[in-house]
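# Analysis of the macromolecular model
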Amino acid sequence: MLFHILKKDLQKRKGVNVILFLFITLATVFLSSSVNNILVVNNSIDYFMEYAHVPDVMILTTNAQEKSRLDAFMETSKQDGVIREYGYERLVPIAEHFVYLEKGNYREQLNSEGISIFLGTTGFDFVKVFDENGDPFRLHQGEIALPLSFMDKHDLHIGDAISINVNGESKRFVITVKMKDAAFGNDFGGMQRMILSSKEYDAIADTMDCLGLYSVRTDQKQLFQETVEEQNFLSIMHVVTDDMYRMMYSFDMMIAGLLISIGCCLILISMLVLRFTLVFTMEEQYQEIGILKAIGLRDLAIKKIYLIKYLVIVTTGAILGMLLGLPVSGFMIRSVSRNMILESSNTRIGVHIGCALFIILLVFGFCYFCTKKLNRISAVHAIRVGHSGERFQKLRGFRLHRCRHLPVSTYLGMNDILSHSSRYIVLVITFCISFILITIPVNTLNTMKSEEMFRKFMLDPQSAVYVRALEKNKGGSYTESQRLEEDVEELRMELKEKGYDTRLSVVEMYFISFSDQKDGVGKKIMTAQVAGEHGDMEYLDFDEGIAPELENEIAVSKNVLSENGWVIGDSIYGRINGVERKFLITASYTDYMQLGNSVRLNAKLDMYEETLFGYWAVMVDMETDLSQEELAERMNREFPDYEWLSGQTLLDRNIGDVQSYLKELLFPMTAMLCAVIMLITLLMERLFITREKGEIAMMKSCGFTYHAICRWQLIRMTCVVAAAMMISIPLSFLSNTFILCPIFAILGADIVIQLDWPQVFLIYPAILLAGILLATRVAARSIRHIDIHEMNNLE
Amino acid sequence: MEVLKAEHLCKTYIVNKRQNNVLRNINLTIRENEMVAVMGPSGSGKTTLLYTVSGMDRATAGKVSFFGRELMDLSANQMSDLRLKEMGFVFQQMYVLKNLSVYDNIILPAYQKAGSKKERQAVNERARKLMHKLGISETADNAVTEVSGGQLQRACICRSLINAPKIIFADEPTGALNKQNSIEVMSEFNRINEEGTTIMLVTHDMKVASRCERILYIEDGVIRDEMHLGKWRDASDQGARERSLNDWLMKLGW
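Residues numbered from 1 in each chain as written. Chains lettered and ligands numbered in written order. Predicted model: local features only at pLDDT ≥ 70, side-chain atom pairs only at ≥ 80, totals over all residues.

### A few points about the overall build of chain B
The criterion, for reference: We count a stretch as a helix when DSSP gives it H or I for four or more residues in a row; a strand needs E for two or more, and each element gets its number in order from the N terminus. Buried, partly exposed and exposed are defined by the number of other C-beta atoms within 10 Å of a residue's own C-beta, namely 20 or more, between the two limits, and 12 or fewer respectively, with C-beta atoms placed from the backbone.
The number of helices and strands found in chain B is 8 helices and 10 strands. Seen through its principal axes, chain B has C-alpha atoms that stretch 50 × 45 × 40 Å. Counting over 254 residues, chain B shows a buried share of 47%.

Structure follows, in structure tokens:
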């Protein structure tokens, strides 16, 4: 009897068994390879940082004016024991328009997409560079080494060349090394290095304005940073700790994290399906269970029949998944090792075995939990096919005779859902998960395209077009606002000459020390000021208060306010043009400038003596019927000396082209979700049809056509999808609040997640619905094979 | 008038490469308003005969015509249409939709046929009359689990009659019922037949068969003999009908 039931079940439930097996296999592959990847990356980050001598703190300075003061400060800090050691190197910044890529006969100007490019050499004591194999390398004259990610991005190969314009003279370098650069090799850092031979590098560095790079080893990062801030060095542009580099490499774990989430979803769905099939099988085999109980078998002995079957499926699936996970793991590690030097690139078999065991125990434990229902069934109850003898049964749903117009198939589909809602819970949960998963990238994309997003980057979405690279033909980067504003005015005149009546604005950025006490020690905060047309900053959002209108008024980001315990109405002191000035905080806001840590000054305040850190794009306002993209294309043709951009391109460059990644991800993700839900639907629909064989046969005998019965099944599934969508809508709002908002908040600002209602609640649900209905229709083909003449044999 | 005519009907099943001739060259005619019972030992082919002549199963060879229409030539949809409008079926197992009330189960095929509000109103009237006639009016709003087997089988008969079919095919309609319920159900069949509906039923119960007008005896896929008992009038001649049937069956080796 035991083997009879087991054999019967294995044969009858081939589809369910295969799908469960597949899900368990896939879940094990995803989980084991991703966990392994995360462990490898996590352990290797420290190793790589140490191996490459990445310092604890790096300080980037603008020029050599303060060098002796900075050197003295470093020496003192060393003597005081605040730092262990330090080093100083020069970095040569190179504007992208001075760099040309030569691929065979093809030559193109570099588009660095917002990443700052520097020249360096191999002899540095800190932030060392290595070749592909992780070994140090030497370069000869005329040779150059480039980061792997840079070469991949620009489709460069060994043997291609780079031409760099140095002081009006073009120098050509052949690429001979693909290198790994711990500090400057990652796209997310916003800075990349090109390495030259020391002789050529020194020759260039001696003739150009260089930046200074102090590399500091210290056990007291916090204390050292505070001490640096207290000194009020004007030439310090940027202070970076190794934590930032560690965080950058953590992004390599994102894909692994995503795969772990998918693996967890698959395990969850497998468990739901397993529960449904297990309960369904037990209900179907009540009589056999009853007989087994009646002849004296214990509950555990009966449970074994079901548990052994699922143990076999889960164990086989997990072992196969573990084996398949090994090459996947190898692939993931190879992919990570392109950017970093790993402590050990071996796949840890123990991790894979551990993950497989975890899945077996989890699913099997859940399976055991589900068979608890069997304890509650008495022998008599089971023999009576689940009926206790109680005849009263409250009818749920609604009555057919009250539906004067509803077609019978529609009625049956709707009534099924209302009568046995719990039966469809697995499907509703699966559809909900799929729906919510699809809304996340869609909402992210829409949010990134929103006008609010533009304003969070201090751009006016209503501007006609934006200009960058103003300095392209004007002798290098700006260090003072006056020169920048003169060039902006020159641009305006140039445009006017060609018949474009424009109003221009530019966001200027400084690093200014602010403190809440007079003569107090302040922190350097990124300070933005809009010069030109939008000087009143009316186009920007302020959460509380009003935009600064006077030169002694200031708006402070919420991050800075909470960090310093300041509120609107407080007065703070800032050292500007060498003089300490008192400012009144009039407003607060959140934005993405400097990860939400910034202040905004009114344009009335003249910053003539302050070192300009940089400027954001020039916003061009004018009357035009063209879109930003069209106008940018036209202006690039008419004014090739400047770089004309649409707002979206500008944003994409600034945030690492996340949009195109997401767009690329959207199709495979939709396809994968569709495939998963189609499999589940197929499986569940087949189980429903098996359960309803008698009813379907009866309907056929009454004259219901095959299509009418299919329609019933399709309408029922449509109702399930509709119910899932209704539940998903509030859940998707929750996912926006608890998943997307915190992700955007990491960048520094609160943002309203944009919902494109037709897209999110119509197009994507329609795609999922189409997949679900297709799967239902395929499964419903088995209705054809239910013969009426077999009706008396069905039981 | 001939309602159903089967000529040289053969049905063969091939199971595990073994050929099993279930029906062999059957010739059969059922006339309007007849009540015919098919009897025979287990495995003789009586149920297969019922399903083949009703078009629910395809014959391997031969012809079956229903009011002159060749059933073998009809498409699946045309057959469904025929079953919906002109045929009624009653089975041994009382198949119903469990999440529908007794009343909704009865009107189900009629609602499938009737689209308009007016037509559905007429269906409701007809269903109430039928339930009243079959004595199950009080069960209308009950769940199907709340009524007895006899009541449920009568509900199934109501369902088979709801579209006013020309013929009812019944496969062991009293097989799952106790004696009292069997009598009640057969009385209903007799009354329906009296009202003009042709009935063909399969049974191995002599009491059930004795209420029929004509009895066919099938053995090894062949109709060996048939007996005419005449129309059943009332219970007074039941004893005599049963004795005649018994004698006839004894002669056939029943």
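Read on for the rest.
### Regarding the domain arrangement of chain A
Formally: For the purposes of this description, domain bounds are those given by an automatic or database domain assignment.
Assigned domains of chain A: these are domain 1 (88-217), domain 2 (405-457 + 655-795) and domain 3 (465-623). Inter-centroid distance (C-alpha atoms) of domain 1 of chain A to domain 3 of chain A is 32 Å.

### Comments concerning helix α3 (residues 67-79) of chain A
Residues and elements named next belong to chain A. What counts is decided by this rule: Helix span is expected to be 1.5 Å times the residue number reduced by one. This arc is taken over the directions from the axis of the helix to the C-beta atoms. The contact criterion used here is simple: two residues whose C-beta atoms, placed from the backbone, lie within 7 Å are in contact.
Counted at 1.5 Å a residue, the expected span for α3 with its 13 residues is 18 Å, and the 18 Å between its end C-alpha atoms agrees. Burial in α3 covers these residues: Leu70, Met74 and Ser77. In an axial view of α3, the angular spread of the buried residues amounts to 65 degrees, which keeps them on one side of the axis. Facing away from the buried surface of α3 by more than 90 degrees, the exposed residues are Ser68, Ala72, Glu75, Thr76 and Gln79. Of the surrounding elements, those touching the buried residues of α3 are β1 (57-61), β2 (85-94), β11 (211-217) and α6 (221-230).

### Notes on the packing of helix α3 (residues 102-113) of chain B against helix α5 (residues 149-161) of chain B
Two quantities define a packed helix pair, namely the angle between the helix axes and the distance between the axes. Residues and elements named next belong to chain B. Rules: To get an axis, fit a line to the C-alpha atoms, keeping to the stretch in contact for a helix; angles then go from 0 to 180 degrees between the N-to-C directions. For this classification, under 35 degrees means roughly parallel, over 145 means roughly antiparallel, 65 to 115 means roughly perpendicular, and everything else is oblique. Left-handed describes a crossing in which the near helix is turned anticlockwise from the far one by less than a right angle; the clockwise case is right-handed.
Between α3 and α5, the least distance of the axes is 7 Å, while the angle of their chain directions is 25 degrees. Between α3 and α5, the angle falls in the class roughly parallel. In terms of crossing hand, the pair formed by α3 and α5 is right-handed. Of the residues in α5, those touching α3 at Val102, Asn105, Ile106, Leu108 and Pro109 are Ala155, Cys158 and Arg159.

### Observations concerning the interface of chain A and chain B
Operational definition: Charged means Asp, Glu, Lys or Arg here, nonpolar means Ala, Val, Leu, Ile, Met, Phe, Trp, Tyr, Cys or Pro, and polar covers whatever is left, Gly included.
Opposite the 31 residues of chain A that make contact, chain B presents 34 residues. Looking at the side of chain A that touches chain B, the elements that each hand over two or more residues are α13 (408-419), α21 (693-701) and α22 (706-746) of chain A. If you tally residues by element for the side of chain A that touches chain B, the top one is α21(A), at 5 residues. Of the residues contributing to the side of chain A that touches chain B, the split by class is 12 nonpolar, 13 polar and 6 charged.

### As for the sheet that holds strand β4 (residues 61-66) of chain B
Residues and elements named next belong to chain B. So the rule is basically this: Pairs of strands are assigned from DSSP output, requiring at least two bridges between the strands.
Taken in spatial order, the 4 strands of this open sheet run β2-β1-β4-β5, and their pairing is antiparallel. Two strands in the sheet have a free side with no partner beyond their single neighbour: β2 (18-31) and β5 (69-70). For strand β1 (residues 2-15) and β4, the ladder comprises 5 bridges, and the chain directions are antiparallel. Looking across to β4, one finds that Cys10 is bridged to Ala61. Sitting on the sheet, helix α1 (residues 46-53) is in contact with β1, β2 and β4, with an inclination near 60 degrees to β2.

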